[in-house]
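# Close look at the chain arrangement
So you can see what is in the structure, the chains are spelled out below.
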Amino acid sequence: METAELKQVLKKQIVEFLNLLSVKPEDIRDDEPLFGEGLGLDSIDSIELIVLLNREYGINIQDPKEGRKVLVDINTMVDYIEKHRTK
Amino acid sequence: MLYFHDYSCISPQPTYGNPVLGQLLASQESKLFAREPAYSGIPPGILRRMGKAVRIAIGAALPLMKDPAMGIIIGTANGGMEDCIKFLDQIIEYQEGMLTPGNFVQSTTNAIAAQLGLISKNKGYNITHVHRGLSFENALLDAIMITRENPAGHYLVGGVDEISSYDYNIECLAGWYRSHGIGNEHLYQWEGTGSLAGEGASMFRVSASPAGARAQLTGIRIFQGEDLTRVEDELSGLLAEPGMNGQHIDLLLSGENGDARMLPFYNTVEKFMQRDTAIARFKHMTGEFATASAVAAWLACHLLEKQELPDHMLKKGLVGKEIENILVYNTFKGRQHSFMQFSKPLPAI
Amino acid sequence: MSRIVVTGMGIISAIGDSAAKNRQSLSAGICGIGHIELFASRYAGILPCGEIKIPTDNLKQVLQSKEPGVTRTSLLALHAVREAISDAGLTPEEVSSAGTCLIGATTVGGMCLTDELYHDAHKDKEGSEYLSSYDCASVNMYLQEHLRLKGLINTINTACSSSANAIMYGARLLRNGFARRAIVGGVDSLAKFTINGFNALHILSGQICRPFDRDRSGLNLGEGAAFLVLEREQDVPHKKQLASLSGYCNANDAYHPSSLSDQGDGPYLAMKGALESAGLSSADIDFINAHGTATENNDLVESTSMLRLFGQVPSFCSSKSNTGHTLGAAGAIGAAYSILSLAHGEIYPSLGFEQPITQTGLKPATDYRQMHLEHVMSNSFGFGGNCTSLIFSKS
């Protein structure tokens, strides 16, 4: 899958997985922070996203510090998925 | 005893906002689903996580939260059951593997009172009563006590439950719901056992002060047991209480639910009423669920204020003069019972 | 206002099946946390838990419980309630009189039967014997039937503060004249549901928990039950009194669904409110049975709020290091341990502590010690920011 396509897929997965009611996948910018002021996600969401990476891409992140590095924005997530995906 | 200053209800009938009760809305596939409004007051970031029970409870409560309250008291038998089953499904489907915690957090019954506290920034008393068919009544009793302890304060008290696939299936297996049959307009003509599933959220702003009150609770009895003499004893005990003595009951609001096993209880109470007490029913509007009595409480407040009793509610008698006192009797599965008497508030002097 | 006294108590936990055995274990610094043996879970052998090593069938035999559909949670509750009733010397007539109320807390209820619940909820088969045993209320409905109770019965679930709220609620019923005596407490049994729930939140530790330690790595779940008998002193002037319940307060942190705010408004307001309701000042508190779950968030926030209220924080411990976190039972077990401390003039060591939390520097008591105690505070904080503090005083 091309990076651009993966980004679109991932945005759709995030919106569905976290039930982001007022957000359209295409509205999420690639460099928009997921947490804090950007999308406004919180600590429970970060765990949910780690589960998403596990279920959709076979990625197993155990260390929360690792998680914080990956879950910055769409760019960092896609970068990590491309390097570590097992499915 | 307890004064009701404001109230709000999301139920399977148009009870929310500007209530219209004259026309009965029909059940769908033996279920009476709550009519959910657009939740403009709930931030989308919080709304996205809410299951239906949390949503309708908060939706019903928000209009009452504009003025500060000293605490939040919720009665719910099951809280966010649908989230509970979603989490349970994950445990089994992923064989206890990596699971999402959101459903787990929302599945705790106190998620409703907690979210209400969170949204309204309320740091006061926050409690959740979960005693099945007496969850709301216990919440009311708590409200009676806390408004005595803090006479200057207003509190939010309410009852809520949702139809969840979990609860619905289990109650069907146990014979409490009929999964097929006649619609709600014929609920009381059924023969046999089982009722219709329902859901709803009813919220009240209460205090110990009559100033500006729209209704008051003048008596309450909460008890358990399966024998009819206990029902009689409790009712005569209640009617003899000082606050109740000599008051004429204009309307009995009965929790009759189409289940033949429950009729002896309701008949016992009806027989106790004076000849000119009218009898009305509400479960064809709400369906049966553990906190349906909270909708009955809302209806009682509404009827006292608006004096409009829809024909489809009336079982017996006519309301000739003004309705001043309404007695609600409800039993959940013939084991848990409650009487609540609502009255017009005394004119403020 | 009437003085509320504790006239009896019963405890069952991973460190003993009676109040006396719990006291022995606490005094000796015994930890009851280890591997799960009594039910199947992927995490048996991985996540340590405070399991009571009595199989459910044995509990049924000991308690002569023959009714169908009874869950482990209900049995643990019955075990503790029976001990409390007998400790308070209540006659069967008193127990089943209309003036005796039962206020029980639980968060798991019958969901300890996670797999049975799954099958019933999906209508897989005809339906099991547990159809009316899954909800929280099922525990007290069972106690009502088994003990022939006629008074007021109520179930409270505010997550991990549930049973502290049940105790507070019972005392208020007595003071408001709605009951003559109150059996109050809480229960929870270990369940796949809660183990997976807390594990999904990444707050379970793979090691034995270390409350208030700098390097703590999360909590261990436990199971148990504790119940107290509360009466008004004026009604029982000649009765043995274990302690009095002198203060209580519930407050809400209103910050996050599953964690406490940095400044700890909820814990602070609960502790402060309890002091006010007891008419005491912070200097009057001799000992605190802290909530101390050993999660990153709880222990830091609880320490911060203790410092905020007390300045000089009195001796404190967390008995979660003995029993694990027993959720709906935790507040009642903490209360019962506080009463044991008061009644016997002794404090029990907090286990697993080595280094204080850097930001707060607070050290829990790590040795058994005899000391004169007048007032002991017991803290319970739960999900949704639900915080309750109780104060017990020497009778």
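Residues numbered from 1 in each chain as written. Chains lettered and ligands numbered in written order. Predicted model: local features only at pLDDT ≥ 70, side-chain atom pairs only at ≥ 80, totals over all residues.

### Regarding the overall build of chain A
- Scanning chain A from terminus to terminus reveals four helices and zero strands.
- For chain A, the N- to C-terminal ordering of α and β elements is α-α-α-α.
- Its C-alpha atoms give chain A a radius of gyration of 12 Å, within 12% of the compact-globule value 12 Å for 87 residues.
- Taken along its principal axes, the extent of the C-alpha atoms in chain A is 30 × 30 × 20 Å.
- Among the 87 residues that make up chain A, the fraction classed as buried is 26%.
- Considering only residue pairs separated by 6 or more positions, chain A has 60% of its internal contacts joining residues 24 or more positions apart. (Helix = DSSP H or I, 4+ residues; strand = E, 2+ residues; numbered from the N terminus. Rg over C-alpha atoms; globule rule 2.2 N^0.38 Å. Buried ≥ 20, exposed ≤ 12 C-beta atoms within 10 Å, placed from the backbone. Contact = placed C-beta atoms within 7 Å.)

### Digging into the confidence of the model for chain A
- A residue-level look at chain A finds 100% of positions with pLDDT of 70 or above and a mean pLDDT of 90.
- Looking over chain A, one finds the lowest element-wise mean pLDDT in helix α3 (residues 64-70) of chain A, namely 85, and the highest in helix α4 (residues 74-84) of chain A, namely 95. (pLDDT = per-residue confidence, 0-100.)

### A look at the interface of chain B and chain C
- Contact with chain B, which involves 43 residues of that partner, is made by 49 residues of chain C.
- Of all the elements in the fold, those that place two or more residues in the side of chain B that touches chain C are α3 (81-93), α4 (102-107), α5 (111-120), β4 (125-129), α6 (135-149), α7 (165-173) and β8 (215-224) of chain B.
- Taken together, the residues of the side of chain B that touches chain C break down into 22 nonpolar, 16 polar and five charged. (Nonpolar A, V, L, I, M, F, W, Y, C, P; charged D, E, K, R; others polar.)

### Let's talk about the pairing of strand β3 (residues 71-75) of chain B
Residue and element names in this part refer to chain B.
- Where burial is concerned, most of β3 is hidden: five out of the five residues are buried.
- As paired elements, β3 and β4 share five bridges and run parallel to each other. Looking at the pairing, Ile72 lines up with Asn126 of β4.
- The sheet contact formed by β3 and strand β5 (residues 155-161) spans four bridges and is parallel. Within β5, the residue paired with Ile74 across the bridge is Gly158. (Pairing = 2+ DSSP bridges.)

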